[in-house]
Amino acid sequence: MTVGQGGIYVARRPSTADPNVVTIINAGRLLTGELTAPVADGDTVRIVDGRIDAMGGAELAEGTVLDVRGMTVAPGLIDSHSHVLFGDYTPRQQAVGFLERYVHGGVTQVVSAGEIHIPNRPRDPESVKGLARLAAGSWREHRPGGMKVNAGVVLLTPGLTAGDLAELAGEGIRLAKYGFSVYPEPAAAREDVRNAQRNGIVVTAHSGGPTAADGVPVGAELLMELGPDIAGHVNGGPTSLDDDGVRTLVRETGIILQLVQAGSLRSALVILDAVREAGAAHRVILGTDTPTGTGVMPLGLLKTVAELSSLGEVDPAVTWAWGSGRVADAFGLSGGRLAVGQPADLVVIDTPLGSVADDAEGALARGDIPAVALVMIDGRVHVDPSDVSPRPRDRVRIRPARQ
């Protein structure tokens with residue numbers, strides 16, 4: 001890696017005719033997905049072999065050129081709470097192909113919230129381990145619409161041993177969920193949470209009232225006793241927590257706070273106020289908690305970004321980071337950031353046709369869902385433009401590489 005003009009880091013100097021080089025030019029804004037610097041300088045992003053190679057000015061343009069004509073370029077959103085099962089099918093809604101539609105909503109990656117909707121899901125420890133293995137293996141290479149799916153969740157269950165969790169971690173299982181088995185006492189559940197964390201497994205705890213036959217209600221007090229990494233749908237799933245409880249959770253713990261579209265918007269705004277008071281913006285991540293009874297929502301994550309930006313009065317570039325880079329950090333994923341070396345999982349967004357806003361950030365600040373003009377995953381265009389978002393004012397102009 002060498003340093004080019006203006007201190008821009010350049011991985012290598014490709015030839016103009018290289019088919020693996022794509023350059024995005026004329027970006028009106030570059031959102032980074034990072035809280036510390038949510039907007040980057042420059043209007044050009046060069047991509048080599050599916051990764052971001054350089055950012056800066058027009059002198060970087062090589063290969064296939066995507067002229068975004070003043071629109072905003074941002075990292076693809078990562079849905080931190082998606083109820084995937086197998087093969088892009090959800091029995092909860094009897095829907096097929098929903099993940100491909102979510103790509104049209106600017107989502108390039110999802111994290112499974114636990115493969116809990118399998119009919120007659122078995123509850124014994126060996127079956128719980130087998131389900132996590134099956135899901136992880138099933139989604140390892142399956143990419144509906146280009147979507148990256150992080151699945152294979154061990155549902156914490158009485159009878160699982162520390163050795164079981166170490167064994168699963170050794171096989172690459174990195175996700176666990178609490179809230180779908182009744183433990184005789186919280187102390188036993190707390191030990192399972194710790195055993196998972198000791199093995200590098202990220203633990204999400206259900207929050208709110210139960211949604212499954214073996215679900216348990218989880219309030220702020222139990223969350224603080226369990227100490228998971230993430231409080232899943234902490235704004236409600238399906239019922240929200242008491243206001244004083246979530247304020248204490250924000251103030252007295254370091255637990256990551258997952259706000260979802262299927263939860264309570266009122267509770268989310270209460271949590272945002274507490275986050276501001278505690279200086280805890282780095283602990284917020286976004287998800288949809290769909291598909292569930294709320295439905296299949298391809299624009300669900302964009303809707304959450306718009307609601308929190310407008311009603312929560314949060315800078316849209318920060319809210320976008322909560323739905324991209326912060327999710328990647330919470331789960332140890334690549335992607336979610338517009339930065340050199342990161343996968344080129346990118347979204348081109350703009351104010352929708354007819355909006356009074358001047359750009360995508362202005363639309364989000366008003367509560368308008370932005371238009372998705374293009375979605376790219378690993379440097380390959382999968383959506384141009386979206387079939388489900390509002391219409392963009394313009395189209396991305398693609399100029400093939402000169403041979």
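Just so you know, these numbers come straight off a predicted model, no measurement behind them. (Residues numbered from 1 in each chain as written. Predicted model: local features only at pLDDT ≥ 70, side-chain atom pairs only at ≥ 80, totals over all residues. Heavy atoms only, no water.)

Caption draft 1: Main features of the packing of aromatic side chains. Taken as a whole and assessed by the stated rule, the structure comprises two aromatic pairs. On the basis of an interplanar angle of 75 degrees and a centroid distance of 5.7 Å, the ring pair of F98 and Y102 is categorised as edge-to-face. Separated by four residues within a single helix, F98 and Y102 lie in helix α1 (residues 98-104), roughly one turn from each other. Classification of F98 as buried rests on a relative accessible area of 2%. The class for Y102 is buried, based on a relative accessible area of 1%. (Phe/Tyr/Trp six-rings, centres within 6.5 Å; stacked < 30°, edge-to-face > 60°. Helix = DSSP H or I, 4+ residues; strand = E, 2+ residues; numbered from the N terminus. Buried < 20%, exposed > 50% of the residue type's maximum accessible area, 1.4 Å probe, protein only.)

Caption draft 2: Up close: empty space enclosed by the protein. A full pass over the atoms with the stated rule returns one cavity of 30 Å³ or more. One number sums up the size of the largest cavity: a volume of about 70 Å³. Taken together, S80, H81, V111, S112, A113, G114, V153, L175, A176, K177, T204 and F331 make up the full set of residues lining the largest cavity. Within the residue set of the lining of the largest cavity, elements represented by two or more residues are β10 (77-82), β13 (107-112) and β16 (175-178). Looking at which element gives the most residues to the lining of the largest cavity, the answer is β16, with three residues. Here the lining of the largest cavity is composed, by residue class, of six nonpolar, five polar and one charged. (1 Å grid on protein atoms, 1.4 Å probe; cavity = no way out; pocket = protein on both sides within 12 Å on 5 of 7 lines; lining within 4 Å. Points joined across faces, edges and corners; volume = space filled by probe spheres on them. Nonpolar A, V, L, I, M, F, W, Y, C, P; charged D, E, K, R; others polar.)

Caption draft 3: Spotlight on the side chain of S112. Examined against the element boundaries, S112 turns out to sit in strand β13. Judged by relative accessible area, which is 5%, S112 ranks as buried. Polar side-chain contacts of S112 include one of 3.1 Å to the backbone nitrogen of G114. Engagement of the side chain of S112 in a polar contact is seen with the side chain of E115, the distance being 2.6 Å. (Polar contact = N/O pair within 3.5 Å; in protein donor to acceptor, adjacent residues only side chain to side chain.)

Caption draft 4: Molecular detail of the environment of Q94. Looking at the element boundaries, Q94 is found in the loop between β11 (89-90) and β12 (95-96). When its relative accessible area of 59% is taken as the criterion, Q94 is described as exposed.

Caption draft 5: Representation of the sheet that holds strand β24 (residues 397-399) within the structure. Strands sit in the order β7-β6-β3-β8-β24 across an open sheet of five strands; the sheet is mixed. Among the strands making up the open sheet, the edge pair consists of β7 (51-56) and β24. Going across the sheet, the axis of each strand differs from the next one's by a mean of 20 degrees, ignoring polarity. Summarising the sheet, strand β8 (residues 64-67) and β24 pair through three bridges and their orientation is antiparallel. Bridge pairing in β24 links V65 to R399. (Pairing = 2+ DSSP bridges. Axes fitted to C-alpha atoms, helices over the stretch in contact; angles between N-to-C directions.)

Caption draft 6: Inspection of unusual backbone geometry at higher detail. With an omega dihedral of -10 degrees, the bond running from T290 to P291 counts as a cis peptide bond. Examined against the element boundaries, P291 turns out to sit in the loop between β20 (284-287) and α8 (300-310). Here the residue pair D384 and P385 is connected by a cis peptide bond, since its omega of -10 degrees sits within 30 degrees of zero. One can find P385 in the loop between β23 (380-383) and β24. Although it is not a glycine, R69 sits at a positive phi angle of roughly 55 degrees. As for its placement among the helices and strands, R69 is situated in the loop between β8 and β9 (72-75). The phi dihedral of D88 is positive, around 60 degrees, even though this residue is not glycine. With respect to the helices and strands, D88 occurs in the loop between β10 and β11.

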